[in-house]
Structure formats: structure tokens, C-alpha cells
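Okay, here's what each chain looks like letter by letter:
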Amino acid sequence: MMKNDAAPSPSEQEKKKEQSIGRRLLNALIHNWGWKVASLALAVCLWGVLITQDTSLPRTKTIEGVRVSVTNATTLRSNGLIVVSGLENLDTVSLRASVPQRNYNTVAASNYIARLDVSQIQSAGEQTLKITATASNTSQYGTVLEVLNPDVKLVVEEYGTLSGVPVEVRRLGDVPEGIYATSITRSTELVDISGPKSIVEKAARCVVEYDQSTLSLSNSPNTVTLPFYFEDAEGNVLDGTNITATPRGQVTAIQRITLTQNVYAMTRVKVDENSLLRGEPAEGYAVSNIRVIPTSITLAGSEVAIAPYLEEGAALFPYDPVDISGQSRTVSQLLYLNTPGNMDYISNNTVQVVVTILPEEFVKLSTDSNP
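Presented here is a report on the structure given in the accompanying data block.

Here is what the cut-offs are and how they apply
- Counting restarts for each chain: residues are numbered from 1 in the order of the written sequence.
- Only residues with pLDDT of at least 70 get local features here, since the model is predicted, and only at 80 or more are side-chain atom pairs given and counted; chain-wide, interface and lining totals rely on the full set of residues.
- Note: side-chain values were computed over all heavy atoms of the structure, leaving out hydrogens and water.
- Every helix listed is a DSSP run of H or I at least four residues long, and every strand listed is a run of E at least two residues long, numbered separately from the N terminus.
- Three exposure classes are used, based on accessible area relative to the maximum for each residue type with a 1.4 Å probe and protein chains only: buried under 20%, partly exposed in between, and exposed over 50%.
- Contact definition: two residues touch when any of their heavy atoms are within 4.5 Å.
- Put simply, a salt bridge is a Lys or Arg side-chain nitrogen that is within 4 Å of an Asp or Glu carboxyl oxygen.
- Patch rule: a residue counts if its relative accessible area is over 30% and it has no salt bridge; like charges are joined within 9 Å, and nonpolar side chains (Val, Leu, Ile, Met, Phe, Trp, Tyr) within 5 Å.
- Areas reported as accessible are Shrake-Rupley estimates using a 1.4 Å probe. Residue values count occlusion only from the protein chains shown.
- A strand pair is defined by DSSP finding two or more bridges across the two strands.
- In this description, a line fitted to the C-alpha atoms serves as the axis of each element, helices being fitted only across the stretch in contact, and the angle between N-to-C directions of two axes falls anywhere from 0 to 180 degrees.
- Buried and open spaces are told apart on a 1 Å grid over the protein atoms alone, a cavity being a set of points where a 1.4 Å probe fits but cannot get out and a pocket being an open set with protein on both sides within 12 Å along at least five of seven lines. Residues with an atom within 4 Å of a point are the lining residues.
- Grid points are joined across faces, edges and corners, and a volume is the space filled by probe spheres set on the points.
- Asp, Glu, Lys and Arg are counted as charged, while Ala, Val, Leu, Ile, Met, Phe, Trp, Tyr, Cys and Pro are counted as nonpolar; the rest, among them Gly, fall into the polar class.

Attention now goes to the overall build of the protein. Regarding its fold elements, the protein presents 7 helices and 25 strands. The buried share of the protein, reckoned over its 371 residues, is 32%. Long-range contacts, defined as pairs at least 24 residues apart, comprise 78% of the intrachain contacts of the protein with a sequence gap of at least 6.

Okay, here's the thing in C-alpha cells:
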């Protein structure tokens, strides 16, 4: 007798075997499924508790506002180079750090140090450097994983120096009336400068602008500390952003120069013409004109010393007048004045006196024609 059912093929047997395995796995998963879900939830909770209690485990945190410091600028200058742009907007940076969990909530930007090492630069031109960062204490603040946007583009030039640039005081405004100002004393007469070679080599003078209109007798000596700038030989102002200046022969950089000036009360006192001559000219001759050069003298001193010379009619007198006795021609003589000794400034202590002597008829004629 023949059987109608054929034996299953190997592929069918394999398929049935896989289905049987699948059913067994499904049964294993759904068997006591409630307990299994509860066990998984419990495991997650236990893991969370362990993580929370183990404060040494790290967590990743983004730190913003880490201040960037530029390092090895001196080394760069010793290599004959200087950065002229690219650092002006370099302030802070953000980074990602792996922080111990115990300090995760308290860690701050001040716990990290970001640096831009310019000693990496080897030539002039455009350069791109990367900012690096570390924690100030790795055991407390972990390690820096990366600096966000670390690339900094810089422009670099050759470094140059120039010694003995003269300091020029450029006076603005007028000295107030009634005040005499002495010469100005500078804290330094010459400066040595360094910076981008293309700018340094053009510097012809260091200029300090000084406003004299603010001088006051109540503030003497007048001392001010003022900024300065540099000009080329044609008077064009140079970009001093990257220029460093030091007093000649010194090493400490300065940004201002101190000016000192003494101020005194001032007045002009006339020379008394009536006291300039002695004697009479020769018979038949007369004095036609007396010319005094200068006609007045500037005196400057303390307000107490100057007070007598502010009064109406104040005048200066010569030690010895011009002796015109028996003279029949013009006489010119230098006279020394009896000037006060308590003054801080006297413009002249001598005057030139020119006495014109003419025949009397010419003097009378001149007088009649000029009533």
C-alpha cells in the first residue's frame, strides 16, 4: 500500500525549527512578565542610586565664559615677530569638561584656564592658532574634553625697535591773563619705542598735547600726567595700538608723560622816563625825543611780591641816569634798572635809552608843527 504524504523537505524542517524556537522565546518573555518588568525597574533605580551616591563618577558639562590668556608674547618678540590684530576681541571661550559629580553644580568658569600660546608662530602673515584649556585642579574639576570654537585667526608682522624718539609738548590754548608760566619740565625728554616694524620705523616724535588755558595761580607748580601719541616726519598720526614706549634707557613701559610748570602772578611795569636823564645839553641845543627799549618790564612772582607793582603809578627806575651834560648830538646808552629781588621772573634788568638832541630851533619848529 502506497503513502500519499511526502516527507518534509530540509527547508521546511528548518523553518519549523525556527518557529518552535520563536515560540519558546516568546513564552519565556511573557511568562511572569509582571515580575520581569518590576525587576528591570528595580535595576534602573538601583543603578541611579549608585550613580548618585558615587560622587567621583564624572558627568559632562559645558562651561561658558572661561577667560583666555595670551602666553609667550615675549618669546614671540624675541623671535622678531608681533601680533598686530586678532587678539582685540579675544576675551572668553566655552568648553566641555568631564566634571566629578560632587562638583557638578558648583564648578565655574574660574576653575578652568584657557591659553593661546603665540610662541607657536614662526613667520609673519596670517596665522591660525588653537586655544587650549585645562582645569586648575583636575581632581576637583575634572578634565577638559574640548574647547568650543578654538581657532583664532591672527595677523603677524615683523617686530622693530627705535631709540631716542623726542618728546614734543604741543601747547593748546593761551595762558590766562595775569599769569606767567615757566618753561615745562617733562618726566622724560626721549622715549624708546617698539612694536610693528612698519610703524615704528616711521616715528619722528612723541607728542603730548597740553592745554595752558587751565593754568591757575592756586595750583603751582601745575603738574599733569597726559597721554601721548606718535607722528611721522610729515605730521601724520601713527597707529599706536601695538606700540610700547619706555623712557630712554629704562625698561618699564609708560602710557602717560608727566609735565610740570610753575605759574606766577604777572604784571608789566613801565620804566619811569622822567628819571632817565641827568644834566642839560650844550648851549643852543635841546632834547627832542627820548626812546626807551623796552618801554616796560614784565615781573612775575608771588601775589604778595607782585602787589606793590599792581598799584597805579608803579614804575621802575635806573641805578644811574644818562648824563647828557654838554651834549650836542644823539646819545644812546644801556641803563641798569633797580628791579626787585623777590621776583621769580624779570624779563629785563636793562633798557636801551636813546636821547635825540637837536639845535633848539629845530626842536621848537618840531614842537610848533605838532601842537
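Below, the discussion takes up the pattern of salt bridges. A full pass over the atoms with the stated rule returns 11 salt bridges. Notably, a salt bridge pairs Arg96 with Glu146, separated by 3.0 Å at the nearest N-O pair. Residue Arg96 is located in strand E3 (residues 92-100), and its partner Glu146 is located in strand E7 (residues 143-148); the two are separated by 50 residues in the primary sequence. The exposure class of Arg96 is partly exposed, given its relative accessible area of 29%. Close ionic contact of Lys130 with Asp151 constitutes a salt bridge, the shortest N to O distance being 2.6 Å. Residue Lys130 is located in strand E5 (residues 125-130), and its partner Asp151 is located in strand E8 (residues 151-172); the two are separated by 21 residues in the primary sequence. Its relative accessible area of 47% is what places Lys130 among the partly exposed residues. Looking at Asp151, the relative accessible area reads 47%, which means it is partly exposed. A single salt-bridge network, built from bridges that share partners, covers Glu168, Arg170, Arg205 and Glu231.

Moving on to unusual backbone geometry. With an omega of 0 degrees, the peptide bond running from Ser220 to Pro221 counts as cis. By the secondary structure assignment, Pro221 is in the loop between strand E12 (205-211) and strand E13 (222-227). Look at the link from Ile293 to Pro294: it is a cis peptide, with omega at -10 degrees. Assignment of secondary structure puts Pro294 in the loop between strand E19 (285-293) and strand E20 (296-301). The residue Asn72 is not glycine, and still its phi comes out positive at about 65 degrees. Checked against the element boundaries, Asn72 lands in the loop between strand E1 (58-71) and helix H3 (73-78). Phi angles above zero are rare outside glycine, and Asn149 is one such case at about 50 degrees. Counting through the fold element by element, Asn149 comes out in the loop between E7 and E8.

On the surface, a cluster of nonpolar side chains totalling about 360 Å² of accessible area is made up of Tyr319, Leu334 and Tyr336. For Tyr336, the position within the fold is in strand E23 (residues 331-336).

A sheet is described by the order of its strands in space; here 3 strands give the open sequence E10-E16-E13, paired in antiparallel fashion. At either margin of the open sheet sits one strand with a lone partner, and together these are strand E10 (185-186) and E13. Bridge count between E10 and strand E16 (residues 256-261): 2 bridges; the pairing is antiparallel. Among the inter-strand pairings, Thr185 is bridged to a residue of E16, identified as Thr260.

Pairing is antiparallel in the open sheet, where 3 strands are placed in the order E19-E25-E23. Where the open sheet ends on each side, the last strands, each with one partner, are E19 and E23. Geometrically, the sheet is characterised by an average inter-axis angle of 25 degrees between neighbouring strands, direction not taken into account. Looking at chain direction, E19 and strand E25 (residues 350-359) are connected through 8 bridges and run antiparallel. Across the sheet, the residue bridging to Ile293 is Gln352, located in E25.

Next up on the list: the environment of Ala109. Mapping Ala109 onto the fold places it in the loop between E3 and strand E4 (112-117). With 16 residues separating them along the chain, Ala109 and Val93 place their C-alpha atoms 9.4 Å apart. Discounting chain neighbours no more than four positions away, the residues touching Ala109 are Ile63, Glu64, Gly65 and Val66.

With respect to the helices, strands and loops of the structure, Thr267 is situated in strand E17 (residues 263-271). For Thr267, the residues in contact, after removing those within four places along its chain, are Ile297, Thr298, Leu299, Ile306, Tyr309 and Leu310.

Attention shifts here to the layout of surface pockets. Empty space among the atoms can be located by rolling a probe the size of a water molecule over them. What the largest pocket holds in volume is close to 320 Å³. Residue lining of the largest pocket: 17 residues in total, with Arg77, Ile82, Val83, Leu87 and Asn242 positioned closest to the centre. Of all the secondary structure elements, the ones that give two or more residues to the lining of the largest pocket are H3 and strand E2 (81-85). Looking at side-chain class alone, the lining of the largest pocket contains 10 nonpolar, 5 polar and 2 charged residues. Computed from the structure, the second largest pocket encloses a volume of approximately 220 Å³. Around the second largest pocket, the lining residues are Phe228, Tyr229, Phe230, Val237, Leu238, Gly240, Ile243, Thr244, Ala245, Ala253, Ile254 and Gln255. Elements that contribute at least two residues to the lining of the second largest pocket include exactly strand E14 (229-231) and strand E15 (244-247). Partitioned by chemical class, the residues of the lining of the second largest pocket number 9 nonpolar, 3 polar and no charged.

Remember that the coordinates give geometry; whether it matters functionally is a separate question.
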